[in-house]
Amino acid sequence: MLSGEFHTTYAGDMGIFETRRARRLLAVFIVAVFAVPFVATSYWLDVANRAAIAVIAATGLNILTGFTGQISLGNAAFLAVGAYTTAFLANHGVPFIVAGPASGAVAALAGMVFGIPSLRLKGLYLAMATLAAHFIVEFTISHWEQVTGGVAGISIPSPELFGYAFTDDRRLFFLTVPTCVALLYFARNLFRTRVGKAFIAIRDQDISAEVMGVQVFRYKLLSFAVSSFYIGVAGSLLAYQARIITPENFPLSVAIDFLGMIIIGGLGSVLGSILGAIFLTLLPEVLRLATSALAGSFPQLVQLFSPLKVGVFGLTIVLFLVFEPDGLADLWRRIRNWFRLYPFSY
Amino acid sequence: MELLLQLVINGLVVGCIYSLVALGFVIIYKSSGILNFAQGEFLLFGAYVFLAIVSQANVPTVPALLLTFAFATFLGLALERVVLRPLIGEPIISVIMVTLGLSSILRAIVQGIWGTDTRPVPSVFSLEPIQLGPLPVARGYLYSAASVAVLLVALTLFFKYSRPGIAMRATAASQQVALSMGISVRHIFALSWSIAAVVSAAGGILLATMRGGVDGSLAILGLKVLPVVIVGGLDSVGGAILGGLLVGVLENLAGGYLDPVFGGGVKEVAPFVALVLILMIRPYGLFGKVRIERV
């Protein structure tokens with residue numbers, strides 16, 4: 001029987017998991033996730049890998065936008081920086097175990113450079129500065145042909161770890177999902193530390209944060225760095241999964257997708273990033289299934305698929321913002337609380 | 001010298017179009033503090049609706065223009081009422097995302113109805129270039145320059161002397177005070193969205209006529225114009241117009257002189273480089289209202 005929480009120690013109150021039961025359930029869930037590659041088709045494994053990569057990127061963006069309150073439209077650029085760093089290193093024989101974190105580090109550096117305007121800019125103007133970052137990075141990768149292969153793209157060899165080659169989506173699953181779980185754990189833990197609390201203080205009131213002794217600019221840059229590190233690692237995995245990357249893999253719409261994920265999932269919530277990323281990755285797949293199921297009776301639907309996908313994406317975002325501004329994470333919390341106290345909801 | 005002159009003139013005429021589109025941003029921002037990322041789709045919608053009225057319903061040009069403007073007014077009002085109003089007071093990221101979501105929806109509607117092929121637009125005016133001194137200038141550019149000039153005067157007078165214009169500025173300064181002075185903030189928002197939609201529709205029609213056709217790529221202009229509004233300052237009508245001209249010239253000069261060095265693409269990225277630099281030196285644009293708040 002479920003009931004409310006009752007903590008008797010501060011440590012218990014601050015814990016990552018609310019109850020021992022939650023920890024056990026999570027362990028069961030993770031084991032269940034690792035059973036997926038043995039039953040799913042390769043198509044759905046591709047979807048699962050993309051979802052795991054999206055979860056990493058969305059978590060990174062949520063650290064910056066949801067927790068620190070800095071709006072960034074430049075995350076597709078940081079994804080590209082991560083992906084191209086991996087491509088460059090992998091083609092020079094560097095193994096994944098080095099290339100992955102290195103991609104994150106290079107992306108973090110790029111993030112810090114483009115985070116410098118946040119010293120003076122807030123809100124809309126910061127959004128514009130990061131948007132400019134997107135176009136500048138896009139220009140660089142399509143023109144720096146010795147390193148990036150230009151518009152023709154660049155191919156990436158399969159990653160290897162301890163002699164095990166991750167050649168297809170089934171094997172890659174064992175690379176993307178553990179990385180994702182580790183980074184999620186780190187993110188959840190981050191907001192129990194001094195640094196994470198400083199981020200939240202800056203989001204809530206930057207001037208008060210400064211008064212309380214948080215070095216605002218330093219922590220803003222740190223937030224840009226951590227966030228871009230996540231997105232860079234996501235870019236690295238994306239490069240390994242896609243095998244060939246071109247500048248067209250990183251349009252502005254990717255950045256908008258990531259923002260959509262954290263809006264739909266819930267700003268300032270690690271769980272929200274997970275739910276939002278999975279939701280928006282699955283949405284086109286569900287739409288595709290629906291259209292192919294209905295194609296028999298409505299043949300014109302097949303041509304309408306591409307506008308339908310764009311329209312449903314926009315509509316989802318608008319509806320969530322208007323009716324459920326705290327996103328899926330809040331919805332999940334309400335459902336859980338309802339069941340926790342069922343049938344005596346008072 | 002010849003090249004320089006040609007590039008500057010080209011920049012100025014393209015800049016006029018940028019100014020026209022930028023005005024749509026400024027009008028909305030000035031009254032409600034919202035940056036409308038769906039501006040490009042407003043252009044697209046205006047152009048397609050005009051096209052549909054002219055070529056499918058066979059309405060002559062002038063009534064078709066008026067009908068398009070009426071439709072744009074309705075679109076602006078409807079969007080403000082259904083989508084933007086519930087978000088008053090929400091964090092800025094939500095407002096940015098809702099306009100981005102809107103742009104997806106509008107693009108999907110346009111694609112769903114009219115497809116992705118380029119559609120020819122019947123010319124509203126003759127496409128023969130006019131000889132301006134030694135240089136030929138396309139007629140469409142002159143028309144857009146003229147409409148920018150007219151709009152500049154009209155909007156300046158509107159914001160300065162008319163009751164709704166003053167009410168709009170009051171709303172921008174402080175919504176609470178405006179409310180307590182008996183101004184209906186909701187009506188002001190609705191008004192600014194419909195004005196912006198009409199201005200954008202006019203811009204869309206001009207652009208479509210100049211290109212000779214309309215397709216989805218017209219909407220990209222909505223993003224291209226962002227450096228313009230930032231350079232000019234988000235809340236300055238004059239700044240938007242001057243910013244448009246500046247960015248137009250800058251872009252053409254960069255394209256003309258640097259493209260051969262880098263092998264293309266400089267034209268597109270130059271305004272964004274300028275944007276970052278200007279934001280670092282003058283965070284509120286060249287003419288924007290300075291809100292000093294140090295952290």
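Residues numbered from 1 in each chain as written. Chains lettered and ligands numbered in written order. Predicted model: local features only at pLDDT ≥ 70, side-chain atom pairs only at ≥ 80, totals over all residues.

Re the overall build of chain A
Convention followed: Secondary structure counts use DSSP, requiring at least four H or I residues in a row for a helix and at least two E residues in a row for a strand, with both numbered from the N terminus. It is over C-alpha atoms that the radius of gyration is taken, and the globule rule equals 2.2 Å times the number of residues to the power 0.38. Each residue is classified by how many other C-beta atoms fall within 10 Å of its C-beta atom, where C-beta atoms are placed from the backbone; a count of 20 or more means buried, 12 or fewer means exposed, and values in between mean partly exposed. Whether two residues are in contact is decided by their C-beta atoms, placed from the backbone, lying within 7 Å.
The helix and strand tally for chain A stands at 15 helices and 4 strands. Computed over the C-alpha atoms, the radius of gyration of chain A is 21 Å, within 12% of the 20 Å expected from 2.2 N^0.38 for a compact globule of 346 residues. With the C-alpha coordinates of chain A rotated into their principal frame, the extents come out at 60 × 60 × 45 Å. Taking all 346 residues of chain A together, the buried fraction comes to 46%. Sequence separation of 24 or more characterises 76% of the internal contacts of chain A that already satisfy a separation of 6 or more.

Examining the overall build of chain B
When its secondary structure is counted, chain B shows 12 helices and 4 strands. Here chain B holds 295 residues, and 49% of them are scored as buried. Put simply, 74% of the contacts in chain B that link residues at least 6 apart link residues at least 24 apart.

Overview of the nonpolar core
Worth spelling out the cut-off: Remark: nonpolar core denotes a set of buried Ala, Val, Leu, Ile, Met, Phe, Trp, Tyr and Cys residues whose joining runs through C-beta atoms within 7 Å.
Judged by nonpolar contacts, the single largest core of 199 residues is most densely connected at A57 and M128 of chain A together with A47 of chain B. When residues of this core are assigned to their parent elements, the largest contribution, 17 residues, is made by helix α8 (residues 185–211) of chain B. Setting aside chain neighbours within four positions, we find A47 of chain B in contact with G204, I205, L207, A208, V214 and L218 of chain B.

Quick notes on the domain arrangement of chain A
Rule in force here: For every domain, the bounds stem from an assignment made automatically or drawn from a database.
When the domains of chain A are assigned, the result is domain 1 (1–36) and domain 2 (40–340). Relative to domain 2 of chain A, the C-alpha centre of domain 1 of chain A lies at a distance of 26 Å.

Let's talk about the environment of I244 of chain A
Residues and elements named next belong to chain A. By the element assignment, I244 lies in strand β4 (residues 244–245). Since 13 C-beta atoms lie within 10 Å of it, I244 is described here as partly exposed. With 92 residues separating them along the chain, I244 and A152 place their C-alpha atoms 9.6 Å apart.

Digging into the packing of helix α12 (residues 252–265) of chain A against helix α14 (residues 305–323) of chain A
Residues and elements named next belong to chain A. Convention followed: Here the axes come from fitting lines to C-alpha atoms, over the contacting stretch only for helices, and the angles between their N-to-C directions go from 0 to 180 degrees. When the near helix sits turned anticlockwise from the far one by under a right angle, the crossing is termed left-handed; a clockwise turn instead gives a right-handed crossing. Amino acids outside the nonpolar list (Ala, Val, Leu, Ile, Met, Phe, Trp, Tyr, Cys, Pro) and the charged list (Asp, Glu, Lys, Arg) are all regarded as polar, and Gly is one of them.
Contact geometry of α12 with α14 gives a least axis separation of 9 Å together with a crossing angle of 35°. Like other packed secondary-structure pairs, α12 and α14 cross with a definite hand, here left-handed. Judged by residue contacts, G260, I263 and I264 of α12 engage F313, T316, I317, F320 and L321 from α14. Counted by class, the contact of α12 with α14 contains 6 nonpolar, 2 polar and no charged residues.

What about the interface of chain B and chain A?
Across the contact, 35 residues belong to chain B and 41 residues belong to chain A. Residue assignment for the side of chain B that touches chain A shows that the elements contributing at least two residues are α4 (92–114), α10 (226–232) and α12 (266–281) of chain B. Per element, the largest residue contribution to the side of chain B that touches chain A is 16 residues, and it comes from α4 of chain B. Among the residues forming the side of chain B that touches chain A, the class breakdown is 26 nonpolar, 7 polar and 2 charged.

Side note on the environment of A329 of chain A
All names here are of chain A. Examined against the element boundaries, A329 turns out to sit in helix α15 (residues 327–340). You can call A329 buried: it has 23 C-beta atoms within 10 Å. Taking the C-alpha atoms as reference, A329 lies 25 Å from L222; in sequence the two are 107 residues apart. Sequence-distant contacts of A329, defined by excluding residues within four places in its chain, comprise G265, G266, S269, L271, G272 and L275.

Details of helix α6 (residues 123–143) of chain A
Note on helix geometry: an α-helix contains 3.6 residues per turn, so any two residues three or four positions apart are oriented the same way. For clarity, the cut-off: A helix is expected to span 1.5 Å for every residue after the first.
Taking 1.5 Å of rise per residue, the 21 residues of α6 of chain A would be expected to cover 30 Å, and the 31 Å separating its terminal C-alpha atoms lies within 8% of that figure. Of all 21 residues making up α6 of chain A, 17 are buried, and the element is well covered by its neighbours.

A look at α15 of chain A
Residue and element names in this part refer to chain A. With 14 residues, α15 extends 20 Å from end C-alpha to end C-alpha; this agrees with the ideal 20 Å at 1.5 Å per step. Listed as buried for α15 are G327, L328 and A329. Looking at the buried side of α15, the elements it contacts are α12, α13 (270–294) and α14.

With respect to the environment of V98 of chain B
Along the chain, V98 of chain B turns up in helix α4. For the pair V98 of chain B and G15 of chain B, spaced 83 residues apart in the sequence, the C-alpha separation amounts to 28 Å. Once residues lying within four places of it in the same chain are set aside, the contact partners of V98 of chain B are V318 and L321 of chain A together with V83 and L87 of chain B.

Some details on the confidence of the model for chain A
Counted only if it meets this: Each residue carries a pLDDT value, the predictor's own confidence for that position, ranging from 0 to 100.
Averaged over every residue, the pLDDT of chain A is 84; residues scoring 70 or more account for 97%. Within chain A, no element has a lower average pLDDT than strand β2 (residues 160–161) of chain A, which sits at 71, and none a higher one than helix α11 (residues 216–242) of chain A, at 91.

A few points about unusual backbone geometry
Residues and elements named next belong to chain A. Here R243, not a glycine, exhibits a phi torsion of approximately 70°, which is positive. Within the element layout of this structure, R243 appears in the loop between α11 and β4. Residue R243 is classed as partly exposed on the basis of its 13 C-beta neighbours within 10 Å.

So, the confidence of the model for chain B
In low-pLDDT segments, the atomic positions of the prediction should not be examined closely. A residue-level look at chain B finds 88% of positions with pLDDT of 70 or above and a mean pLDDT of 80. Interface confidence for the predicted complex, given as ipTM, is 0.82, next to a pTM of 0.86.

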